[in-house]
Amino acid sequence: MKKGQESGSTRRMIMTLLKTKGPLTIGALAEELGITEMGVRRHVLQLEQESLAKTKVVRQPMGRPMHVYSLTERAEDHFPKSYHNLALELLRELDHVSGQETVHALFEGRKRRMLAQYTPMMEGQGLEERVAELASIQNAGGYMATWSKQEDGSYMMCEYNCPIRQVAAGYRVACQCEQQLFEELLGAKVTRSECMAEGGQCCKYVIAAKKKDKTSEKSS
């Protein structure tokens, strides 16, 4: 095993021990792993610097206080999650019990809530500013969105990550509601030309001003 791989493996084992047996001292971690305390301390300090581990001083009736280490909330992102499986199971159950219309109504309700939340952020802005704001909103949600202006005056927004990809693959209404949400927030025509739920490398949207917007731009 190469040195970098060995280091990554030790780091992973430390995080696993802190999650399953923590809080633990440096000495306890070293004993569990069968390596020196100096080696453990180096990894733990790095985890602290990355805000993945935290320390707490525990006073004892006799002797020096102990420093015990545990994981932070941020470290939870480094462990497997299956939220999409739970979401799919719940949607399938809802579909089975109440029908597809109820599932669609659920996504429509989500769209309305997001529209109410983000519409005030778009007020008083031109289309380009609204596109930039939308990309920022999507980035905050983990979509890794970028945007650019095209030669014909339209805009292109690409999302390189989809946090609800598995759900969208099973229920395409999720993609439909997202496109409708974008159109209403931007007040523009939004066309999706590529979709990750359909096997694309990204979700790609072409955004064009509506005719009335073009007319108003000319008059101004």
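J.: How should I be thinking about the side chain of glutamine 138 in this particular structure?
T.: When you line up the elements, glutamine 138 lands in helix α6 (residues 127–140). Judged by its relative accessible area of 6%, glutamine 138 is buried. Discounting chain neighbours no more than four positions away, the residues touching glutamine 138 are Tyr143, Ala145, Glu159, Glu178 and Phe182.

J.: Would you take a moment to explain the sheet that holds strand β6 (residues 188–194) for this structure?
T.: In a beta sheet, neighbouring strands pair by backbone hydrogen bonds and run either parallel or antiparallel. The antiparallel open sheet is built from four strands, whose spatial order is β4-β5-β7-β6. Looking along the sheet, the strands with just one partner apiece sit at the ends: β4 (145–149) and β6. Averaged over neighbouring strand pairs, the angle between their axes works out to 20° when direction is ignored. Relative to strand β7 (residues 203–209), β6 is paired through six bridges, and the arrangement is antiparallel.

J.: Would you take a moment to explain α6 for this structure?
T.: Three- or four-residue spacings in an α-helix give side chains the same orientation, since the helix completes a turn every 3.6 residues. Here α6 contains 14 residues, and its C-alpha end-to-end distance of 20 Å stays within 8% of the 20 Å for a straight helix at 1.5 Å per residue. Those residues of α6 that sit buried are Leu127, Arg130, Val131, Leu134, Ala135, Ile137 and Gln138. The buried residues of α6 occupy an angular sector of 160° when the element is viewed end-on, so they sit on one face.

J.: Explain the state of the cysteines to me, please; I cannot follow it from the model alone.
T.: By definition, a disulfide is the covalent link that joins the sulfur atoms of two cysteine residues. Counted under the stated rule, the structure contains zero disulfides. Considering cysteine sulfurs only, cysteine 203 is the nearest to cysteine 162, which forms no disulfide, with 5.3 Å between them. Free of any disulfide, cysteine 203 has its nearest cysteine sulfur in cysteine 195, 4.3 Å distant. Judged by relative accessible area, cysteine 203 falls into the buried class, the value being 5%.

J.: Explain the sheet that holds strand β3 (residues 66–71) here, please?
T.: Taken in spatial order, the three strands make up an open sheet running β1-β3-β2, and their pairing is antiparallel. Each end of this open sheet is capped by a strand with a single partner; those strands are β1 (24–25) and β2 (53–58). Strands in contact with helix α3 (residues 37–49) are β2 and β3; relative to β2, the strand with the most contacts, it is inclined by about 110°.

J.: Explain the packing of aromatic side chains here, please?
T.: For any two aromatic rings, the description comes down to two numbers: the centre-to-centre distance and the angle of the planes. This model, assessed by the stated rule, comprises two aromatic pairs. Here the aromatic rings of tryptophan 147 and tyrosine 155 are separated by 6.1 Å at their centres, their planes lie at 50°, and the arrangement is tilted. The exposure class assigned to tryptophan 147 is partly exposed, which follows from its relative accessible area of 33%. On the accessibility criterion, tyrosine 155 (6% relative accessible area) is buried. Here the aromatic rings of phenylalanine 182 and tyrosine 205 are separated by 5.0 Å at their centres, their planes lie at 75°, and the arrangement is edge-to-face. Residue phenylalanine 182 is found in helix α8 (residues 173–186), and its partner tyrosine 205 is found in strand β7; the two are separated by 23 residues along the sequence. The burial state of phenylalanine 182 is the same as that of tyrosine 205; both residues are buried. One Lys or Arg, arginine 12, reaches over the ring of phenylalanine 79 and ends 4.8 Å from the middle of that ring. Here lysine 19 stacks its cationic end above the ring of phenylalanine 79, 4.9 Å away from the centre of that ring.

About the criteria used
- Residues numbered from 1 in each chain as written.
- Predicted model: local features only at pLDDT ≥ 70, side-chain atom pairs only at ≥ 80, totals over all residues.
- Heavy atoms only, no water.
- Helix = DSSP H or I, 4+ residues; strand = E, 2+ residues; numbered from the N terminus.
- Buried < 20%, exposed > 50% of the residue type's maximum accessible area, 1.4 Å probe, protein only.
- Contact = heavy atoms within 4.5 Å.
- Pairing = 2+ DSSP bridges.
- Axes fitted to C-alpha atoms, helices over the stretch in contact; angles between N-to-C directions.
- Expected span 1.5 Å × (residues − 1).
- Arc of directions from axis to C-beta.
- Disulfide = S-S within 2.5 Å.
- Phe/Tyr/Trp six-rings, centres within 6.5 Å; stacked < 30°, edge-to-face > 60°.
- Lys NZ or Arg CZ within 6 Å of the ring centre and 35° of its normal.

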